Amino acid sequence: MAMAGSIEYLQQFVEDTSMFNSIVLSNLLPATWWAPLPHFLQTWLRNYIAGTILYFISGFLWSFYIYHLYRNVYIPKDAIPSNKAMLMQIYVAMKAMPWYTLLPTVSEHLIENGWTKCYSGIYEVGWILYFCYLAIYLIFVEFGIYWMHRELHDIKPLYKLLHATHHIYNKQNTLSPFAGLAFHPVDGILQALPHALALFVIPTHFRTHIALLFLEAVWTANIHDCIHGKLWPVMGAGYHTIHHTTYRHNYGHYTIWMDWMLGTLCEPEEEKYEKVN
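Cut-off values and rules
Per chain, the residues get numbers from 1 upward, laid out in the order the sequence is written. A pLDDT threshold of at least 70 governs which residues receive local features in this predicted model, and a stricter bar of 80 or more applies before side-chain atom pairs are shown or counted, although totals over entire chains, interfaces and linings include all residues. Values shown for side chains rest on all heavy atoms present in the structure; no hydrogens or waters enter the calculation. Pairing of aromatic rings covers Phe, Tyr and Trp, the last through its six-membered ring, and needs centres within 6.5 Å; plane angles under 30 degrees mean stacked, over 60 mean edge-to-face, and all others mean tilted. Each residue's exposure class comes from its accessible area (1.4 Å probe, protein chains only) as a fraction of the maximum for that residue type: buried when under 20%, exposed when over 50%, partly exposed otherwise. Put simply, a salt bridge is a Lys or Arg side-chain nitrogen that is within 4 Å of an Asp or Glu carboxyl oxygen. Only runs of H or I of at least four residues qualify as helices and only runs of E of at least two qualify as strands under DSSP, and these elements are numbered from the N terminus. Patches draw on residues past 30% relative accessible area with no salt bridge. Two like charges within 9 Å are joined, as are two nonpolar side chains (Val, Leu, Ile, Met, Phe, Trp, Tyr) within 5 Å. For every accessible area listed, the method is Shrake-Rupley and the probe measures 1.4 Å; residues are considered covered only by the protein chains on display. Between the first and last residue of a helix there are one fewer steps than residues, each counted as 1.5 Å, and that sum is the expected span. In this scheme, the bend at a residue equals the angle between the axes fitted to the seven residues that finish there and the seven that begin there. Any two residues having at least one pair of non-hydrogen atoms within 4.5 Å are treated as being in contact. By nonpolar core is meant a set of buried Ala, Val, Leu, Ile, Met, Phe, Trp, Tyr and Cys residues that side-chain atoms within 4.5 Å join together. UniProt positions are given in the numbering used here, feature names are shortened, and annotations may be inferred rather than shown by experiment.

Here we look at the packing of aromatic side chains
With the rule as written, the count across this model stands at 18 aromatic pairs. Between the aromatic rings of Tyr146 and Trp147, the centroid separation amounts to 5.3 Å while the plane-to-plane angle is 90 degrees, which identifies the pairing as edge-to-face. Classification of Trp147 by relative accessible area gives partly exposed; the value is 30%. Aromatic ring contacts, followed pair by pair, group Tyr9, Phe13, Phe20 and Phe206 into a single cluster.

The structure is reproduced here in C-alpha cells:
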C-alpha cells in the first residue's frame, strides 16, 4: 500500500466519503441544509439517514413478506407479533439510531486521518490478499461479537443496564425484523465495535468495511424473524430465537462456530431449555 500515511493518499478516503455524502444528502435534502456543515457532521447525517432508510426498507419488506404475503406459511398465526409490539421496537431503534450511526462516522474519521490499516483500492493488494484479509476481518468480527454479546449477558450490571432492553422480546410473538436494532444505544455500539477495532489490526478495504457495517442492519432484521433457514453453518433466526428464549445459548453473529467451540450452541431441533433469569 503505497504511501498509506501520506496526505495525498488519505485524501482518497476523504473523496470517497464526500462522494457518499453527496449521493445520499443531495438526493434527499436541500443543499442549504447540509452543505455548510463540517465534513464530520455531513458524514454522520449521511450515515443516520442511510441507516434509517435501510432499517425501514428491510424491516417493512421482510415483515410484509412473512406476515402478509405468506401469512401462516413461515410463521404460525399465533406467533405473528402485534402491530403495537413492532411499533415499540421501531421506537426503541429510532431513539438509538443517532448514536448507532456515530460508530461508522467515527471509524471513517479515523480512516481519513490515517489511524487505521484501511486501504483505498483493491488493486493495492490484489484480489488474493483482498479475500485473505476479508476472511481474517470476518473471523475477528465473529470472535469479537461473540465475546461482547456473551459478556453483556454474563456481567450482570451490563445486562441489567444495557442488554435487558433488547431481551424484553423473548418469544416468537414479540420478535420481528424490527427488533433487530431495538437495543440500548450503548449496547448496539458495543456489539458493532469489533467492526471498528478490526481496522487497527487488519488491512481492510474501505468501501468493503462500510458495506459490511450497513449489512448489519439487514442481517439483524433477518435473524429476528424466527424463521429457521437451516443453512449450516449460518447463525440464522432459528438459532437466534433460541437465544432470546434461553438467554444462555447461541451468542454468535454470522456463524455457529464460536458457540460450537465454546459449548454454548443449542440446535433449533434441540430446544429443551428453560429461560435463565
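With respect to the pattern of salt bridges
Note on pairing: side chains with opposite charge can pair once their charged atoms come close. Applying the stated criterion across every chain, the model contains three salt bridges. We note a salt bridge from Asp16 to Arg207, for which the minimum N-O separation is 2.8 Å. With Asp16 in helix H1 (residues 7-28) and Arg207 in helix H9 (residues 206-222), this residue pair connects regions lying 191 residues apart in the sequence. Taking relative accessible area as the criterion, Asp16 reaches 9% and is therefore assigned buried. Owing to a relative accessible area of 38%, Arg207 belongs among the partly exposed residues under this scheme. Between Asp154 and Arg150 there is a salt bridge; the shortest N-O distance is 3.5 Å.

Describing a nonpolar patch on the surface
A cluster of nonpolar side chains, namely Trp232, Trp257, Trp260, Met261 and Leu262, defines an oily patch on the protein surface of about 630 Å² accessible area. If you trace the backbone, Trp232 turns up in the loop between H9 and helix H10 (237-246). Looking at Trp232, the relative accessible area reads 59%, which means it is exposed.

Let's talk about helix H8 (residues 185-197)
Between its first and last C-alpha, H8 extends 18 Å over 13 residues, near the 18 Å set by a 1.5 Å rise per residue. Along H8, the helix axis deviates most sharply at Gln191, where the bend reaches about 40 degrees; the proline Pro194 sits within four residues downstream. Tucked into the core, H8 has its buried residues touching helix H4 (83-100), helix H5 (102-112), helix H6 (127-154) and H9.

Points about the nonpolar core
Counting residues in each nonpolar core, the largest one holds 23 residues, and the members touching the most others are Tyr55, Tyr67, Ile75, Tyr100, Tyr169 and Leu181. For this core, the secondary structure elements donating two or more residues are helix H3 (39-69) and H4. In contact with Ile75, not counting residues within four places along its chain, are Tyr67, Ile80, Asp225, Cys226 and Ile227. In terms of nonpolar packing, the next biggest core, distinct from the first, is built from 21 residues, Ile122, Tyr137, Ile145 and Ala198 among them.

A look at unusual backbone geometry
Phi at Tyr247 is positive, roughly 70 degrees, even though this residue is not glycine. Locating Tyr247 in the fold gives a position in the loop between H10 and helix H11 (257-262).

Some thoughts on the UniProt feature "transmembrane region" (unreviewed entry) in the protein
When the UniProt feature table is mapped onto this chain numbering, "transmembrane region" (unreviewed entry) sits at residues 48-67 and 127-148. End C-alpha to end C-alpha, residues 48-67 measures 28 Å, and it is 100% helix and 0% strand. A distance of 31 Å separates the end C-alpha atoms of residues 127-148, which is 100% helix and 0% strand.

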